[in-house]
Number of protein chains: 2
Amino acid sequence: MNFPVWRQQLVRSLHVHRSKPDAKYFQVASISKDNFPKLRTMVFRGFQSSTHSLMAVTDIRSEKIVDWQERAVSELHWYFVKSREQYRLSCEVTVIYQDNERNGAVAAFGAELGNPDILTDIYAAQWQALSQNARQGFFCPTPKSPVNTSSPTLKKDESSELREQGHSKEGISQYFALVLLHPFCVDYLDLKTAPHTRTVHTMNHQQWTYQEVNP
Amino acid sequence: MNFPVWRQQLVRSLHVHRSKPDAKYFQVASISKDNFPKLRTMVFRGFQSSTHSLMAVTDIRSEKIVDWQERAVSELHWYFVKSREQYRLSCEVTVIYQDNERNGAVAAFGAELGNPDILTDIYAAQWQALSQNARQGFFCPTPKSPVNTSSPTLKKDESSELREQGHSKEGISQYFALVLLHPFCVDYLDLKTAPHTRTVHTMNHQQWTYQEVNP
């Protein structure tokens with residue numbers, strides 16, 4: 001697979017920042033049901049093999065999942081401190097979780113990629129790659145639900161009950177979701193050059209081309 | 001003026017990071033005309049005096065200005081690396097530039113704040129506070145317009161022509177805009193605590209209250 005120019009640049013930016021765990025954080029914007037822009041940090045979990053799709057994971061109880069059910073698009077923002085480079089990636093979004101795995105959507109999408117099991121395999125592998133702490137989060141109460149201030153931390157029995165409920169398949173929480181971000185436009189800005197360099201990369205019929213633009 | 005809890009926290013986060021210029025960068029999400037989420041980095045230029053509105057500056061030729069003309073709302077994302085705190089601020093947006101200054105909108109808004117001239121004064125002060133380099137950007141070609149690859153950098157005569165066109169009022173570029181971001185909801189997440197602490201702060205009738213929620 002040939003890498004488009006933006007991906008070659010991104011691979012280099014990640015390499016330059018390989019000692020900085022924060023360099024794997026990017027921001028992801030979505031549109032809420034009530035037409036409000038929303039954004040949050042997500043962690044880059046690599047590229048899906050044989051594609052230019054970026055992977056991230058999340059809890060299906062989080063608000064962005066509802067946003068994507070309405071409108072499965074996002075812009076992704078990635079800033080690299082040392083090299084002073086900014087990437088903005090316009091993406092289509094696919095969310096893989098256990099319910100849509102059961103209903104066959106995931107197998108159908110996998111078949112398009114030439115292997116019906118591929119996404120189920122990636123899904124399980126991403127769960128395995130999580131730290132113990134990160135996994136624990138998927139057995140906690142619903143994100144953004146009010147905390148009972150008289151017992152602000154989760155009680156032991158509640159926690160194990162949730163853990164039991166949560167374990168639905170080979171120990172993977174039912175709330176665990178794999179997010180695939182498929183870029184179709186990349187806006188690259190290099191702030192170390194004078195004047196700044198900016199290029200816009202667009203995909204048409206699976207072909208990437210780019211244009212140099214004013215910063 | 002009493003500071004709501006989120007602002008007291010934000011003041012502390014800024015203080016902890018005072019030696020890091022990058023800590024003044026936040027991400028701002030908007031919705032484009034074609035209903036796509038957009039985001040980019042902006043630089044925090046302080047709070048507007050006697051309010052909780054955050055200030056930033058931009059070029060009125062940038063795409064976010066068009067987004068805000070359609071829908072003057074944004075979410076703002078601010079992550080502090082050292083203290084591992086994330087702020088998400090839902091905001092209404094006001095853009096101050098020379099054209100709307102002329103048509104009286106700015107004076108009207110200023111009058112609401114008790115001084116018709118206050119925004120014109122802040123506008124000029126923000127321009128004065130810019131570095132020479134940052135000011136220069138407002139006399140450059142339109143952001144994201146294609147670069148003529150045979151002459152990728154601006155020619156001297158073009159540059160001075162633009163500078164002349166741009167100087168419309170006391171040396172301030174006509175493209176210079178002051179952006180006021182008025183928060184009405186703040187989602188605060190502290191990642192150094194175990195479990196993580198998250199609070200949602202909302203404004204009702206100019207009163208801020210908050211609720212502790214699950215992370």
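The model shown is predicted, which means the values in this text are computed figures rather than measured ones.

1. Thoughts on a nonpolar patch on the surface
Residue and element names in this part refer to chain A.
Next up, step 1: Together, Met1, Phe3 and Val11 give the surface a local cluster of nonpolar side chains, amounting to about 280 Å² of exposed area.
Next up, step 2: Topologically, Phe3 is positioned in the segment before helix H1 (5-16).
Next up, step 3: Residue classification places Phe3 among the partly exposed residues on the basis of a relative accessible area of 34%.

2. A look at the relation of the copies chain A and chain B
Next up, step 1: Placing chain A over chain B gives an RMSD of 0.0 Å and needs a rotation angle of 180°, together with 0.0 Å of translation along the axis. Taken together, the rotation angle and the small translation identify this as a two-fold axis.
Next up, step 2: Looking at the interface residues of chain A, 100% of them are also at the interface in chain B, so both copies use one shared face.

3. Side note on the interface of chain A and chain B
Next up, step 1: Contacts between chain A and chain B engage 45 residues on the former and 45 residues on the latter.
Next up, step 2: The junction of chain A with chain B conceals about 3700 Å² of combined surface from both sides, 58% of it contributed by carbon and sulfur atoms.
Next up, step 3: For the pair chain A and chain B, the number of links is two salt bridges.
Next up, step 4: Residues Glu75 of chain B and Lys38 of chain A are paired through a salt bridge, measuring 3.5 Å at the closest nitrogen-oxygen approach.
Next up, step 5: Across the chain A-chain B interface, the total number found is 17 residue pairs in polar contact (both at pLDDT 80 or more).
Next up, step 6: Counting residues per element, the ones that place at least two in the side of chain A that touches chain B are strand S1 (25-31), strand S2 (37-43), strand S4 (73-80), strand S5 (85-96), strand S8 (176-190), strand S9 (197-204) and strand S10 (207-213) of chain A.
Next up, step 7: It is S4 of chain A that contributes the most residues to the side of chain A that touches chain B, six residues altogether.
Next up, step 8: Tallied by class, the residues present in the side of chain A that touches chain B amount to 21 nonpolar, 13 polar and 11 charged.

Rules and cut-offs
- Residues numbered from 1 in each chain as written.
- Chains lettered and ligands numbered in written order.
- Predicted model: local features only at pLDDT ≥ 70, side-chain atom pairs only at ≥ 80, totals over all residues.
- Heavy atoms only, no water.
- Patch = residues over 30% accessible without salt bridge, like charges linked within 9 Å, V, L, I, M, F, W, Y side chains within 5 Å.
- Areas by Shrake-Rupley, 256 points an atom, 1.4 Å probe, with all protein chains shown as cover.
- Salt bridge = Lys/Arg side-chain N within 4 Å of Asp/Glu carboxyl O.
- Helix = DSSP H or I, 4+ residues; strand = E, 2+ residues; numbered from the N terminus.
- Buried < 20%, exposed > 50% of the residue type's maximum accessible area, 1.4 Å probe, protein only.
- Least-squares fit on C-alpha atoms with pLDDT ≥ 70 in both.
- Contact = heavy atoms within 4.5 Å.
- Buried area = accessible area lost by both parts, 1.4 Å probe.
- Polar contact = N/O pair within 3.5 Å; in protein donor to acceptor, adjacent residues only side chain to side chain.
- Nonpolar A, V, L, I, M, F, W, Y, C, P; charged D, E, K, R; others polar.

On their own, these measurements won't tell you what the molecule is for.
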